[in-house]
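The lines below spell out each chain.
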Amino acid sequence: RNHHGVIEWEQNELNGITCNIRIPRFVWEKEIAVGHDRIDQEHIAIFSILHQLEYSSGDKTNLLNMLLEVLVTHTTGEEAEMEEQNYPHLKRDKKAHREIDKKATRLRDKYNEYTDNEKNIEILKIRDLILTHFNTLDVEYNNFLLSLSK
C-alpha cells in the first residue's frame, strides 16, 4: 500500500516481450479518499480514466478527451468552492490545476506523434502528476474544509 492505494503487482509485457520485472497497478480504495463527497466522486472518475489509459490497448484519443473534460469540470468546481470558502492557497492550487490541464492537453494533442513507448511514458507521467495532486493539495484542501466545521 502507498499513498495512491493498494498496489497489485503484475507481470508486464513491453513491445511483445514479457519482462521479468513487475509493475505496480493502483486500485482505488475508500481509504485514499480525501473525505469530500463531490471531490471523491470526481477523483474516482478521473482515476478510472487514468486506469483505462494505462491498461487499455489501441487508440486512446477518446479517453484523453474524456480525461480533459472531467479534469476541467473538476477543477472549475473545486476552484469555485475554494473561492467561496476563502481558501488561502487558491492561487497555488489554480496554478497546479493549469499545469495539469496543460500537460494533459499536450499529451492529447501530441499523442499520435509519439512512439508506443513514449505514449506509455507520457501517460504514466500525467497519471503520477494527477495522483500526487490528489494526495497532497486536495487532501490539504479537505483538511481546511474540516477545520471550518469545527
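Use the structure listed above.
Rules and cut-offs
- Residues numbered from 1 in each chain as written.
- Predicted model: local features only at pLDDT ≥ 70, side-chain atom pairs only at ≥ 80, totals over all residues.
- Heavy atoms only, no water.
- Helix = DSSP H or I, 4+ residues; strand = E, 2+ residues; numbered from the N terminus.
- Buried < 20%, exposed > 50% of the residue type's maximum accessible area, 1.4 Å probe, protein only.
- Contact = heavy atoms within 4.5 Å.
- Phe/Tyr/Trp six-rings, centres within 6.5 Å; stacked < 30°, edge-to-face > 60°.
- Lys NZ or Arg CZ within 6 Å of the ring centre and 35° of its normal.
- 1 Å grid on protein atoms, 1.4 Å probe; cavity = no way out; pocket = protein on both sides within 12 Å on 5 of 7 lines; lining within 4 Å.
- Points joined across faces, edges and corners; volume = space filled by probe spheres on them.
- Nonpolar A, V, L, I, M, F, W, Y, C, P; charged D, E, K, R; others polar.
- Core = buried A, V, L, I, M, F, W, Y, C linked by side-chain atoms within 4.5 Å.

### Some remarks on the side chain of histidine 133
Position of histidine 133 among the secondary structure elements: in helix 4 (residues 116-148). Its relative accessible area of 6% is what places histidine 133 among the buried residues. Contact partners of histidine 133, with chain neighbours within four places excluded, come to Glu78, Ala96, His97, Ile100 and Asp138.

### Brief notes about the packing of aromatic side chains
Going through the model one piece at a time under the given rule, you end up with 3 aromatic pairs. Pairing tyrosine 141 with phenylalanine 144 gives two aromatic rings, centres 6.4 Å apart and planes at 20°, and the pair type is stacked. With tyrosine 141 and phenylalanine 144 both in helix 4, this residue pair falls 3 residues apart, about one helical turn. Summarising the burial analysis for this pair, tyrosine 141 and phenylalanine 144 share the class buried. Through pairs of rings, three or more aromatic residues link up here, namely Tyr87, Tyr141 and Phe144. Taking NZ or CZ as reference, lysine 119 lies 4.5 Å from the ring centre of tyrosine 111, over its face.

### Some remarks on the layout of surface pockets
Roughly 160 Å³ of volume is contained in the second largest pocket. Around the second largest pocket, the lining residues are Lys103, Arg106, Leu107, Tyr114, Glu122, Lys125, Ile126 and Leu129. Looking at the lining of the second largest pocket, the element that brings in the most residues is helix 4, giving 4 residues. The residue inventory of the lining of the second largest pocket, partitioned by class, reads 4 nonpolar, no polar and 4 charged.

### Examining the nonpolar core
Of all hydrophobic cores here, the largest spans 20 residues; its most connected members are Ile46, Leu50, Leu53, Leu67, Leu71, Leu107 and Ile130. Of all the secondary-structure elements, those providing two or more residues to this core are helix 1 (37-55), helix 2 (61-84), helix 3 (90-110) and helix 4. Ranked by size, the runner-up nonpolar core spans 8 residues in total, among them Val34, Ile39, Tyr87 and Leu90.

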